[in-house]
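# Structural overview for review
The chain contents come next:
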Amino acid sequence: MAKIIALDIGGKRTGIAETDPLQMIASPRETVATDHLEAYLKDWMAKEEIEAIVLGEPLALDGGDSHNSARVREWHQKLEKLFPALRIVLQDERFSSKMAQRAQIESGMKKKQRRQKGSLDPISAAIILRDYLEQH
């Protein structure tokens, strides 16, 4: 089976997570500068079989748009054009950052490590991917 990947797209950085080939486990992969994301994904797709891309949909608590919603919708359209053979889906990402912060603390990650920019992003992407897998 092919992997499923998840993206937690931000203005500067994007967290990336991936499943195992059996699509059972969601694991953080890395953080990539958002302005390099397209090239990164093209390179990755050339090397590995990917079945779908799950984008974290940044909704406000009331279910409406957040400050990042327009950016993610733009990426959704862009990815559909770049990878027409892939399924590109949106997954509610409310609370993924808070859950990722808690996971860092519970795993024993030191405060200095938690403050590093980008350390939270792939964990958030893994939470988004886990939630997607649980629903499908």
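The structure displayed is predicted, hence computed values, not measured ones.

## Overview of the sheet that holds strand E4 (residues 50-57)
Here we have five strands laid out as an open sheet, ordered E3-E2-E1-E4-E5, and mixed in their pairing. Of all strands in the sheet, those bounded by a partner on one side alone are strand E3 (26-33) and strand E5 (87-92). Taken pair by pair, the neighbouring strands of this sheet meet at an average axis angle of 25°, ignoring direction. For strand E1 (residues 3-9) and E4, the ladder comprises five bridges, and the chain directions are parallel. Opposite isoleucine 4, over in E4, you have alanine 52 as the bridge partner. Along the sheet, helix H5 (residues 121-135) contacts E1, strand E2 (13-19), E3, E4 and E5; its crossing angle with E2, the most-contacted strand, is approximately 45°.

## A few points about the side chain of glutamate 93
Turning to its location among the elements, glutamate 93 is positioned in the loop between E5 and helix H3 (96-106). In this structure glutamate 93 comes out as buried when scored by relative accessible area, which is 14%. Apart from the residues within four sequence positions on either side, glutamate 93 is in contact with Asp8, Gly56, Glu57, Pro58 and Ile128.

## Some words on helix H1 (residues 37-47)
Taken residue by residue, H1 has Leu37, Tyr40, Leu41, Trp44 and Met45 as its buried positions. Projected onto a plane normal to the axis of H1, the buried residues spread over an arc of 130° and lie on a single side. Every exposed residue of H1 that faces more than 90 degrees away from the buried side is listed here: Ala39, Ala46 and Lys47. Where H1 is buried, its residues touch E1, E2, E3, E4 and helix H2 (69-82).

## Quick notes on the pattern of salt bridges
Applying the stated rule across the entire model yields 12 salt bridges. The salt bridge involving glutamate 48 is made with lysine 3; its shortest N-O contact spans 2.8 Å. Placement of the pair is glutamate 48 in the loop between H1 and E4 and lysine 3 in strand E1, with a sequence separation of 45 residues. According to the relative accessible area criterion, glutamate 48 is partly exposed, its value standing at 26%.

## Focus on the pairing of E4
Buried residues dominate E4, accounting for six of its eight residues. The pairing of E4 with E5 spans six bridges and is classified as parallel. Of the residues in E5, the one forming a bridge with glutamate 57 is aspartate 92.

## Overview of H2
Look at H2: 20 Å from first C-alpha to last across 14 residues, which is about the 20 Å you get at 1.5 Å a residue. Among all positions in H2, only Ser69, Val72, Trp75, His76 and Leu79 are buried. Projected down its long axis, H2 carries its buried residues within an arc of 120°, all on one side. Of the residues in H2, the exposed ones pointing more than 90 degrees away from the buried face are Glu74 and Lys81. Packing partners of the buried residues in H2 comprise E1, H1, E4 and E5.

About the cut-offs
Residues numbered from 1 in each chain as written. Predicted model: local features only at pLDDT ≥ 70, side-chain atom pairs only at ≥ 80, totals over all residues. Heavy atoms only, no water. Pairing = 2+ DSSP bridges. Helix = DSSP H or I, 4+ residues; strand = E, 2+ residues; numbered from the N terminus. Axes fitted to C-alpha atoms, helices over the stretch in contact; angles between N-to-C directions. Contact = heavy atoms within 4.5 Å. Buried < 20%, exposed > 50% of the residue type's maximum accessible area, 1.4 Å probe, protein only. Arc of directions from axis to C-beta. Salt bridge = Lys/Arg side-chain N within 4 Å of Asp/Glu carboxyl O. Expected span 1.5 Å × (residues − 1).

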